[in-house]
Amino acid sequence: MTLPTPELRTARLRLRPFADADAAPLYALHSSADVLRYWDSPPWTEPARAQRFIAACRTIEEEGTGARVAVDRDGAFIGWCGLTSWNPDFRSASLGYVFDAAAWGHGYATESAYAVLRWAFDTLDLNRVQAETDTRNVASARVLEKLGFVREGTLREDCVVNGDVSDSWVFGLLRREWPPTAGRQSLW
């Protein structure tokens, strides 16, 4: 069963399926050690990884297991957001996102994730969305909290990237808690 990747719009952003032309900015994003310092894999070192990522986005759409969208601001790629591990039987999925450092602090991650979550709860009829973030990534934890996620626990030493061991927080958002009332801005 396919899961067509949506095209979504917010007041400031366009969320759309990945295109082949996104390979260069996607590689720049995922090859940045600063951007990926809390990610569960090291920065990319070969540009071909971007094409494989885009192909993987199309595969999860075809398999019906998720949807990842490129995020544009004024026509420029600033990051991506998406759902993976979609399980229609359990009505659950996992949320993830990565944004360019120049986009940090402007609310784009929250705005994008809000649009994806709205689509997921309305279209996919989800009951639960899960997200994980490195415990040192306070900014990402704050994004999730603004979206209404509740921190449910800690996965101890669950990632080892380049010899660096880290813990992750697990967050959950239930349908009955959607949409969040605190922290929501009028532009969503």
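Refer to the structure above for everything that follows.
Residues numbered from 1 in each chain as written. Predicted model: local features only at pLDDT ≥ 70, side-chain atom pairs only at ≥ 80, totals over all residues. Heavy atoms only, no water.

K.L.:
Run through the overall build of the protein chain, naming residues and quoting values.
P.N.:
Within the protein chain one finds four helices and eight strands. By the compact-globule yardstick of 16 Å for 188 residues, the protein chain fits well, its C-alpha radius of gyration being 16 Å. The C-alpha extent of the protein chain, read off along each of the three principal axes, is 45 × 35 × 35 Å. Across the protein chain, every contact between residues at least 6 apart in sequence was considered, and the portion connecting residues at least 24 apart equals 62%. (Helix = DSSP H or I, 4+ residues; strand = E, 2+ residues; numbered from the N terminus. Rg over C-alpha atoms; globule rule 2.2 N^0.38 Å. Contact = heavy atoms within 4.5 Å.)

K.L.:
Provide a residue-level description of helix 3 (residues 108-123), including the pertinent values.
P.N.:
The terminal C-alpha atoms of helix 3, which comprises 16 residues, lie 22 Å apart, in line with the 22 Å expected from a rise of 1.5 Å per residue. When you tally the buried positions in helix 3, you get 13 out of 16 residues, the bulk of the element. Following helix 3 by one or two positions, aspartate 125 has its phi on the positive side, about 55°. (Expected span 1.5 Å × (residues − 1). Buried < 20%, exposed > 50% of the residue type's maximum accessible area, 1.4 Å probe, protein only.)

K.L.:
Which residues make up the pairing of strand 7 (residues 150-161), and what values go with them?
P.N.:
For a regular strand, the rule is simple: side chains alternate between the two faces of the sheet. Two strands pair when backbone bridges link them, and strand 7 and strand 8 (residues 164-174) are joined in this way by eight bridges, in the antiparallel orientation. Its bridge partner being in strand 8, arginine 151 is matched across the sheet by phenylalanine 171. The hairpin turn running from strand 7 into strand 8, its antiparallel successor, is two residues long, and asparagine 162 in that turn takes a positive phi close to 50°. (Pairing = 2+ DSSP bridges.)

K.L.:
Go over the side chain of glutamate 111, please, and point to the residues and values.
P.N.:
Relative to the helices and strands, glutamate 111 is located in helix 3. Within the local environment of glutamate 111, its side chain forms a polar contact with the side chain of arginine 12, the two groups lying 2.6 Å apart. (Polar contact = N/O pair within 3.5 Å; in protein donor to acceptor, adjacent residues only side chain to side chain.)

K.L.:
Provide a residue-level description of helix 1 (residues 23-30), including the pertinent values.
P.N.:
Turning to helix 1, its buried residues are Ala23, Leu26, Tyr27, Leu29 and His30. Around the axis of helix 1, the buried residues are gathered within 160° of arc, so they sit on the same side. On its buried face, helix 1 sits against helix 2 (48-63), strand 4 (76-87) and strand 5 (92-99). (Arc of directions from axis to C-beta.)

K.L.:
A description of the sheet that holds strand 1 (residues 8-9) should follow, citing residues and the corresponding values.
P.N.:
In space, the eight strands of this open sheet follow the order 1-2-3-4-5-6-8-7, with mixed pairing throughout. Of all strands in the sheet, those with a lone pairing partner are strand 1 and strand 7, marking the two edges. Examined bridge by bridge, strand 1 and strand 2 (residues 13-16) share two bridges and lie antiparallel to one another. Residue pairing in the sheet places leucine 8 in a bridge with leucine 15 of strand 2.

K.L.:
If you had to explain the pattern of salt bridges to someone new, which residues and values would you point to?
P.N.:
Taken as a whole and assessed by the stated rule, the structure comprises 15 salt bridges. For arginine 12, the salt bridge goes to glutamate 111, with nearest N and O atoms at 2.6 Å. Placement of arginine 12 in the loop between strand 1 and strand 2 and of glutamate 111 in helix 3 is noted, with a sequence separation of 99 residues between them. With a relative accessible area of 24%, arginine 12 lands in the partly exposed category. Overall, glutamate 111 belongs to the buried group, its relative accessible area being 0%. Overlapping salt bridges bring together Glu7, Arg9, Arg14, Arg16, Asp22 and Asp72 as one network. (Salt bridge = Lys/Arg side-chain N within 4 Å of Asp/Glu carboxyl O.)

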